[in-house]
Amino acid sequence: MGHVPRKRFGQHFLHDRHTIAKILDALDPRPGDRVVEIGPGLGALTRPLLERVPHLHVVEIDRDLAARLEQEYGPERLTVHRADALEFDFSLMGSNLRVVGNLPYNVSTPLLFHLARFAAGLRDLHFMLQREVVERMVSTPSGSAYGRLSVMLQYRFEMEKLFGVAPGCFRPPPKVDSAVVRMAPLAQPEPVAMDEELLAAVVTRAFTQRRKTLRNALGGVVDETELQSLGINPGLRPENLTVADYVRIANLASRRAGQAA
Ligand code: SAM
């Protein structure tokens, strides 16, 4: 296609027809859907998407690739946002948004956290990611991949790993295996965190010391008696707690901070 893939933008272009068809089938876009694609690249997903929806938004950081797509499709079919998806305001495109993308793997975790802020305006998300990242996203307590990404995303989204994709399906092939994941925002997190920044801080603190027991890993946040008052054994490790346990710990710390103020 005359384009030299740019490593700094994580460019691995999908060329396997079978995988492209599977992604489109999983998304099942309908003419009335509001769809945005992150990182359209050379258009491997963009073209089949535009066979199914009359109009599409895309967010592309690479100006050369953005210009190619603009030339191929007029603004009535395609709105090209030349932007960094990490800083993009997804609420500009309205609500009930369906987001799709073969994401740049080098920024996938910050991008997922950025998108989580817009959860209320999203209908669903379908992403190709590094397989190991998808496994961390969907992992349940006590699983080896369970960690900060699992807790913070499962707080907001229901997630499902759909299928794996081999490196040979891309040009150039990435060094890692890939997988496609479906995410759908929960109607309401249960329980709701009183202070989401505090929840994030508690979870980060716990998993940076994941080998320690909770009484040590969360020392300074909650003490042993407080953990016991929540019915949580202080001798457990961070990976043993559910998402709801983390929310209850953060809420206890919020209430205590509120009382002290
Ligand atoms: N969708 C195409 C495909 O499946 O062949 C390209 C996928 S490639 C893995 C990732 C795409 O995301 C590239 O087009 C790259 O330029 C773009 N990209 C990388 N970082 C980005 C960012 N921060 N914001 C928006 N697009 C980005």
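In this report, the structure presented in the accompanying data block is examined. Since the model is a prediction, treat every value here as computed from it, not as a measurement.

Moving on, we come to the sheet that holds strand E4 (residues 78-82). Pairing in this open sheet of 7 strands is mixed, and the strands run E4-E3-E2-E5-E6-E9-E7 from one edge to the other. Bordering the open sheet on either side are E4 and strand E7 (157-165), each of which pairs with just one other strand. For this sheet the average axis-to-axis angle between neighbouring strands, irrespective of direction, equals 20°. Alignment of strand E5 (residues 97-102) against strand E6 (residues 122-130), held across 6 bridges, turns out to be parallel. Along E6, the bridge assignment pairs Val-100 with His-126.

The next point concerns the site of the ligand. Contacts to the ligand come from 22 residues, most closely from Leu-14, Gly-39, Glu-60, Asp-84 and Asn-102. Within the backbone of Leu-14, a nitrogen or oxygen atom sits 2.8 Å from an oxygen atom of the ligand. At 3.5 Å from a nitrogen atom of the ligand is found a side-chain nitrogen or oxygen belonging to Glu-37. Protein coverage of the free-state accessible area of the ligand, which is 600 Å², stands at 98%.

Moving on, we come to the pairing of E6. Across the 9 residues of E6, 8 count as buried, placing the element largely inside the fold. Once the chain exits E5 it traverses helix H4 (residues 108-116) before rejoining the sheet at E6, and the crossover so formed is right-handed. Note: E6 against strand E9 (residues 178-185), 6 bridges, orientation antiparallel. The residue of E9 that forms the bridge with Leu-129 is Ala-179.

Where helix H7 (residues 196-208) contacts helix H10 (residues 243-260), the two axes come as close as 9 Å, and the packing angle between them is 120°. Compared by their axis directions, H7 and H10 come out oblique. Considering the relative orientation of H7 and H10, their crossing is right-handed. Along its contact with H7, which presents Leu-198, Leu-199, Val-202, Val-203, Ala-206 and Phe-207, the element H10 presents Tyr-246, Val-247, Ile-249, Ala-250, Ala-253 and Ser-254. Here the contact of H7 with H10 is built from residues that sort into 11 nonpolar, 1 polar and no charged.

In this section: the packing of aromatic side chains. For the coordinates displayed, the defined rule picks out 4 aromatic pairs. Consider the rings of Phe-88 and Phe-90, whose centres lie 5.0 Å apart with planes at 80°: the pair is edge-to-face. Across the pair, Phe-90 and Phe-88 agree in class, each one buried. Between Tyr-146 and Phe-207, the aromatic rings sit 6.1 Å apart at their centres with planes inclined by 80°, giving edge-to-face as the arrangement. Separated by 61 residues along the polypeptide, Tyr-146 in the loop between helix H5 (131-138) and helix H6 (148-154) and Phe-207 in helix H7 bring together distant segments of the chain. The pair Tyr-146 / Phe-207 is uniform in exposure class, with both members buried. Three or more aromatic residues joined by ring pairs form one cluster here, namely Phe-88, Phe-90 and Phe-118. Lying over the aromatic face of Phe-9, Arg-8 brings its terminal NZ or CZ to 4.6 Å of the ring centre.

Rules used throughout
Residues numbered from 1 in each chain as written. Predicted model: local features only at pLDDT ≥ 70, side-chain atom pairs only at ≥ 80, totals over all residues. Heavy atoms only, no water. Pairing = 2+ DSSP bridges. Helix = DSSP H or I, 4+ residues; strand = E, 2+ residues; numbered from the N terminus. Axes fitted to C-alpha atoms, helices over the stretch in contact; angles between N-to-C directions. Near = heavy atom within 4 Å. Polar contact = N/O pair within 3.5 Å; in protein donor to acceptor, adjacent residues only side chain to side chain. Areas by Shrake-Rupley, 256 points an atom, 1.4 Å probe, with all protein chains shown as cover. Buried < 20%, exposed > 50% of the residue type's maximum accessible area, 1.4 Å probe, protein only. Right-handed = clockwise from strand over helix to strand, strands pointing away. Parallel < 35°, antiparallel > 145°, perpendicular 65-115°, else oblique. Left-handed = near helix turned anticlockwise from the far one by under 90°. Contact = heavy atoms within 4.5 Å. Nonpolar A, V, L, I, M, F, W, Y, C, P; charged D, E, K, R; others polar. Phe/Tyr/Trp six-rings, centres within 6.5 Å; stacked < 30°, edge-to-face > 60°. Lys NZ or Arg CZ within 6 Å of the ring centre and 35° of its normal.

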